[in-house]
Amino acid sequence: MLLDCWIASLCWNVEMSKRYIPTFQPSNLPTTLLKELIDKFYLDQQRDKEQTRFYITDAGKCPRQIFFKFKNVPRKKMDPRILRIYEKGEYLHRNIFNILYRLKIGVTTEVPIPAQEIVGGRADAILCINNENYVLDIKSINSMVFRNLTEPKEENVYQLQLYLHYFNIKKGILLYIDKDQQNIKEFFVNYDEKLAGTLINDFNELKKRVETNIVPNRIPEYPQNWQCQYCQFQEVCGMTGEGEVSWEKFKEKMG
Ligand code: SF4
């Protein structure tokens, strides 16, 4: 009986093996369909927009890049992959806000800085812990940068200093999230009046250049500087040359 069953199953397997099994033919299939549509969605979202004021997130950034934004110079579209990374960062921010609310520590999120002439921006959150106020700035970064982070990044400190200045709060926290592994590091930053003053002065100097049409110098270590690697104005910056130059004369030369 057992032998009969075994023979029957063997015959069934042999029969099955004779049947037509469609083979996978990659050449019949498109190589990309959804990826193309999704990337196009991100590319279509991007509009060149003239910048009309400074943002706190401009602190520590290349002044020439900001100048080009004020002049609405056509820029290279950003890689959709980078935009997806930004989106992921926003999601992580919202997640932290949610946890802060659930912790029931005094928290107000996405707080605009008081209106004034030179700069605009919104702090991620203002917290009240043990009767002390803190400005919180959250940054999501990749695992490799996160691992090597032993102190807050300079440009992040600059931004936080301006928040502290405009909110008149003496202490801040920079919270870094490793977006790949979900680890967290935090750094405390004290308000530095002198540094905040220098940063505001830098904005005022750049404002003068925007108004008088003087393209600022390139940043040091051009083009190896990380800002240049991601810059949407690499082409025009290359044509403009190294030092300060008249924007009007440059445009005339380019016809
Ligand atoms: S390429 Fe570098 S120096 Fe030139 S505008 Fe961009 S960031 Fe600034």
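You'll find the structure just up there.
In this numbering scheme, every chain counts its residues from 1 along its sequence in written order. The model is predicted, so local features are restricted to residues of pLDDT at least 70 and side-chain atom pairs to those at 80 or more, both for listing and for counting; the totals for chains, interfaces and linings are taken over all residues.

Visitor: Any chance you could break down the overall build of the protein chain for me, citing the residues and the numbers?
Guide: A tally of helices and strands in the protein chain yields 10 helices and 9 strands. Taken across its 255 residues, the protein chain has 20% of its residues classed as buried. When contacts within the protein chain are restricted to residue pairs at least 6 apart in sequence, long-range pairs at least 24 apart make up 69% of them. In this text, helices come from DSSP runs of H or I with a minimum length of four residues, and strands from runs of E with a minimum of two, each type numbered from the N-terminal end. Each residue is classed by its C-beta neighbour count within 10 Å, where at least 20 other C-beta atoms makes it buried, 12 or fewer makes it exposed, and intermediate counts make it partly exposed; the C-beta atoms are placed from backbone geometry. Two residues qualify as a contact pair if the distance between their C-beta atoms, derived from the backbone, is within 7 Å.

Visitor: Give me the packing of helix H2 (residues 34-45) against helix H4 (residues 80-103): which residues, what numbers.
Guide: Think of each axis as a best-fit line through the C-alpha atoms, taken over the contacting stretch in the case of a helix, with angles from 0 to 180 degrees between the N-to-C directions. Look at H2 against H4: their axes get within 9 Å of each other, and the N-to-C directions meet at 80°. Taken together, the axes of H2 and H4 lie roughly perpendicular to each other. Here H2 contributes Asp 39, Tyr 42 and Leu 43 to the contact with H4, which in turn contributes Pro 80, Leu 83 and Arg 84. Among the residues forming the contact of H2 with H4, the class breakdown is 4 nonpolar, no polar and 2 charged. Angle categories: roughly parallel below 35 degrees, roughly antiparallel above 145, roughly perpendicular from 65 to 115, and oblique for all the rest. When residues are grouped by polarity, Ala, Val, Leu, Ile, Met, Phe, Trp, Tyr, Cys and Pro land in nonpolar, Asp, Glu, Lys and Arg in charged, and all others, Gly among them, in polar.

Visitor: So what about the site of the ligand? Which residues, and what values?
Guide: We call a residue near a molecule or strand if the C-beta atom, set from the backbone, is within 6 Å of it. In the vicinity of the ligand, 14 residues are found, and the nearest of them are Cys 62, Arg 218, Cys 228, Cys 231 and Cys 237. Put simply, the parts of the chain that give the shell around the ligand at least two residues each are helix H3 (63-70), helix H8 (226-230) and helix H9 (234-240).

Visitor: So what's going on with the nonpolar core? Residues and values would help.
Guide: Side chains of a nonpolar character, in soluble globular proteins, are inclined to be buried together. Nonpolar cores are built from buried Ala, Val, Leu, Ile, Met, Phe, Trp, Tyr and Cys residues. These are joined into a set through C-beta atoms within 7 Å. Phe 67, Val 135, Leu 136, Leu 160, Leu 162 and Tyr 163 are the most contacted members of the largest nonpolar core, which has 33 residues in total. For this core, the elements supplying multiple residues, two or more each, are H3, strand E4 (122-129), strand E5 (132-141), helix H6 (154-167), strand E6 (171-178) and helix H7 (193-211). Those residues in contact with Leu 160 that lie beyond four places of it in its chain are Val 135, Asp 137, Gly 172, Leu 174 and Val 189.

Visitor: Summarise the packing of H3 against H7; cite the residues concerned and give the values.
Guide: Where H3 meets H7, the axes come as close as 10 Å, and the angle between the chain directions of the two elements is 45°. Classified by the angle their axes make, H3 and H7 are oblique. In the crossing of H3 with H7, the sense of the turn from one axis to the other is right-handed. Of the residues in H7, those in contact with Pro 63, Ile 66, Phe 67 and Phe 70 of H3 are Leu 206, Arg 209 and Val 210. Note on convention: the crossing is left-handed when the near helix lies turned anticlockwise from the far helix by less than a right angle, right-handed when the turn is clockwise.

Visitor: Would you mind going over the pairing of E5 in detail, with residue names and values included?
Guide: For E5, a buried count of 7 out of 10 residues is recorded, marking the element as mostly surrounded by other parts of the structure. Think of it this way: DSSP has to see at least two bridges between two strands before they count as a pair. When E4 meets E5, the two strands line up antiparallel, connected through 5 bridges. By the bridge assignment for E5, Ala 125 is matched with Leu 136. Between E4 and E5, which pair antiparallel and follow one another directly, the connecting turn spans 2 residues, one of which, Asn 130, has a positive phi of 50°.

Visitor: Report on the sheet that holds strand E7 (residues 184-190), specifying residues and quantitative values.
Guide: Taken in spatial order, the 5 strands make up an open sheet running E2-E4-E5-E6-E7, and their pairing is mixed. Each edge of the open sheet carries a strand with a single partner, namely strand E2 (106-112) and E7. In this sheet, adjacent strand axes meet at a mean angle of 30° when their direction is disregarded. Sheet topology places E2 next to E4; 6 bridges connect them, and they run antiparallel. Note that in E4 the partner of Val 111 across the bridge is Ala 123. Those strands touched by H4 are E2, E4, E5 and E6, and its axis lies near 150° from that of E5. Together, E4, E5, E6 and E7 form the strand contacts of H6, whose direction differs from that of E5 by roughly 150°.

Visitor: Residues and numbers for unusual backbone geometry, please.
Guide: Across the junction of Tyr 222 and Pro 223, the peptide omega takes the value -5°, indicating a cis bond. With respect to the helices, strands and loops of the structure, Pro 223 is situated in the loop between strand E8 (214-215) and H8. In this structure, Asn 72 is a non-glycine residue whose phi angle is positive, near 50°. Structurally, Asn 72 can be placed in the loop between H3 and H4. According to the C-beta neighbour criterion, Asn 72 is exposed, with 12 such atoms within 10 Å. Even without a glycine there, the phi angle at Glu 110 is positive, about 45°.

Visitor: I'd like to hear about the environment of His 165, residue by residue, with values.
Guide: Within the fold, His 165 resides in helix H6. For His 165, a count of 21 C-beta atoms within 10 Å translates into the label buried. Separated by 32 residues in sequence, His 165 and Gly 197 place their C-alpha atoms 8.8 Å apart. Leave out the neighbours within four places in its chain, and His 165 touches Tyr 191 and Ala 196.

Visitor: Can you lay out H2 for me, pointing to particular residues and giving the numbers?
Guide: Here H2 is 12 residues long and its end C-alpha atoms lie 17 Å apart, about the 16 Å a rise of 1.5 Å per residue gives. The element H2 is largely exposed, with a buried count of 0 among its 12 residues. A helix's residues, less one, multiplied by 1.5 Å, set its expected span.

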